[in-house]
Amino acid sequence: MVTLDLPGAEVAGWMTSDGPVLFSLEQVTVRRGQALLLDQVTCQIPAGACTAVTGPSGAGKTTLLRLLNRLEEPDAGRVCLDGRALPDLDVLALRRRVALVAQAPVLLTGQVLDELRAGQPGLGEDQAVRLLEQVSLPPAMLARGNAGLSGGEAQRLCLARALAAAPQVLLLDEPTSALDAASARAVEQLATSFTADGGTIVLVSHDTALTRRIAARILELRAGRLTRTGPAPNTADLREHT
Amino acid sequence: MNPAVPTWAGVAASLALVAAAVAIAWRQRLHLAREITIAAGRAGVQLAAVGAILLLVFQHTGLAGATGWLAIMVLIAGQVAARRARGLPRALPVATTAVAAATGATIGTLLALGVISTQARVVIPVGGMIVSGAMAATAVTLTRLREEAAAARPAIETRLCLGQPAAQAFAPQPARRAAHRADPLH
């Protein structure tokens, strides 16, 4: 059962109130063993805007995020990108177009430059420096090893690595959870400029203030069910879930 | 007297040992007497049945029969190895192919070089040992592979998210480590 927060929630066809539809989920159900992670979720995610997925822990937010780049497959229903079902698309191209940055940073190499090149092989040093600057990391870090990075630095490096592939969509799972206030502001500015340049962000965050500032739409999940979807959080009753 | 065939005295001695084990279990109130009796009876029936079939194979079918016998053993060994690696996709065909390849290559080499006789009574026991070893090695390798995949899941998923193909995202380090750990000498 899906409860829509009308008016201005969903618009029929391939438009939402915030723009053209990029992703659409149709009656999507995900089970893992006995657990029902998502239960007949139907919603749309507009292009060129930030959509925040909110809800308490265990509500299915990360599962929804992982569906969008096929790290998870639905047991029922379908997920479409630009009107095409995800299984009909080349999965490798999809994942480069739709980049997911996980909550826990995972570094794959020993050097910062190599880490960025894991996102884009052949990346030049100038491009790498620009990526670091985008996530408020000092250019001098390029020659450093990954071993001494703090959690916040590693998280921002993972974000820069994802940006290296020039994705059209960023799926961000708690991107500021390990960051201090200044670093969190930098990520926020990055998100704002990413959407201003036409990119799409799907954000999972417990940071209500961040969500209010950058999200154009919200999808609220509870126990795997979509309980609310609608426009900007400052006009909706966005609850605290911390 | 053929030393491979037990005498009736030997069978009687075995039954006496089983009876002693049952008696001890009963006297010590271990609640195992019934299980021991059933297990011994079942083993006796199975051994008699297998022995009868082997006798037929030995006397009438030659190398072809031995090959068929080993093929059945390979299929069963593949199922056992795959069961131990539950959770891995396509574990059954992979395990069966691995056991079959190891068994075929080893027994084929032994036969081709004349190391062992082509008689069924030689091929089947030697082949059985090879199948058993191959099954154990396959099961350990698949189990390690599953453990490595579970441990390296965040890194594998990260590589997938960067657009790497599944094989590239998983390999090469975890597979190498799994093979390394499957080697009992390491």
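Going along each chain's sequence as written, the residues are numbered from 1 onward. As they are written, the chains are lettered A onward and the ligands numbered 1 onward, keeping that order. Per-residue local features of the predicted model are confined to residues with pLDDT of at least 70, and side-chain atom pairs are confined, for both listing and counting, to 80 or more; whole-chain, interface and lining totals are unaffected and use all residues.

Novice: Even after reading the chapter, I still don't get the environment of Leu100 of chain A, so can you show me in this structure?
Specialist: All names here are of chain A. If you trace the backbone, Leu100 turns up in strand β7 (residues 98-101). The burial criterion counts other C-beta atoms lying within 10 Å of a residue's C-beta, which is placed from the backbone; the residue is buried at 20 or more, exposed at 12 or fewer, and partly exposed between these limits. Judged by the 24 C-beta atoms lying within 10 Å of it, Leu100 falls in the buried class. Separated by 59 residues in sequence, Leu100 and Leu159 have C-alpha atoms that sit 8.8 Å apart. The helix count covers DSSP runs of H or I at least four residues long, the strand count covers runs of E at least two residues long, and both are numbered beginning at the N terminus.

Novice: Would you take a moment to explain the packing of helix α4 (residues 125-134) of chain A against helix α5 (residues 151-164) of chain A for this structure?
Specialist: Each pair of packed helices gets described by two things: the angle between the helix axes and the distance between those axes. All names here are of chain A. Simply put, an axis is a line fit to the C-alpha atoms, just over the touching stretch for a helix, and the angle between two N-to-C directions goes from 0 to 180 degrees. With their axes 9 Å apart at the nearest point, α4 and α5 run at an angle of 130° to one another. Accordingly, the angle class assigned to the pair α4 and α5 is oblique. In this structure, α4 crosses over α5, and the sense of that crossing is right-handed. In this structure, α4 uses Leu131, Leu132 and Gln134 to contact α5, whose residues at the interface are Ala160, Leu163 and Ala164. The scheme is simple: roughly parallel for angles under 35 degrees, roughly antiparallel for over 145, roughly perpendicular for 65 to 115, oblique for anything else. In this scheme the handedness of a crossing depends on how the near helix is turned from the far one: anticlockwise by less than a right angle means left-handed, clockwise means right-handed. The contact criterion used is a C-beta to C-beta distance within 7 Å, with each C-beta placed from the backbone.

Novice: Help me understand the domain arrangement of chain B in this model?
Specialist: Quoted interface sizes are often the accessible area lost when the parts come together. What marks off one domain from the next here is an automatic or database domain assignment. Taken domain by domain, chain B comprises domain 1 (8-151) and domain 2 (152-186). In this structure, domain 1 of chain B and domain 2 of chain B have C-alpha centres spaced 32 Å apart.

Novice: I would appreciate a short explanation of helix α3 (residues 91-112) of chain B in the present structure.
Specialist: Think of an α-helix as 3.6 residues a turn; residues three or four steps apart then line up on the same face. Residues and elements named next belong to chain B. A helix is expected to span 1.5 Å for every residue after the first. With 22 residues, α3 ought to run about 32 Å at 1.5 Å a step, and its terminal C-alpha atoms sit 31 Å apart, in line with that. Lining the buried residues of α3 we find α2 (33-84) and α4 (120-151). After α3 finishes, the residue Gly114 shows a positive phi value of roughly 70°.

Novice: What's the story with the interface of chain B and chain A in this structure? I'm lost.
Specialist: Between chain B and chain A, the contact holds ten residues from the first and 14 residues from the second. Residue polarity follows a fixed list, in which Ala, Val, Leu, Ile, Met, Phe, Trp, Tyr, Cys and Pro are nonpolar, Asp, Glu, Lys and Arg are charged, and the others, Gly among them, are polar. Across the side of chain B that touches chain A, the residue classes tally to six nonpolar, two polar and two charged.

Novice: Help me understand unusual backbone geometry, please; the structure alone is not making it clear to me.
Specialist: Leaving glycine out, the prevailing phi sign among residues is negative, and the prevailing peptide bond configuration is trans. Residues and elements named next belong to chain A. With phi around 50°, Gln40 is a residue other than glycine that occupies positive phi space. Residue position: Gln40 is located in strand β3 (residues 35-46). The class of Gln40 is partly exposed, set by 17 C-beta atoms lying within 10 Å. Positive phi values are uncommon outside glycine, yet Ala223 reaches one of about 50°.

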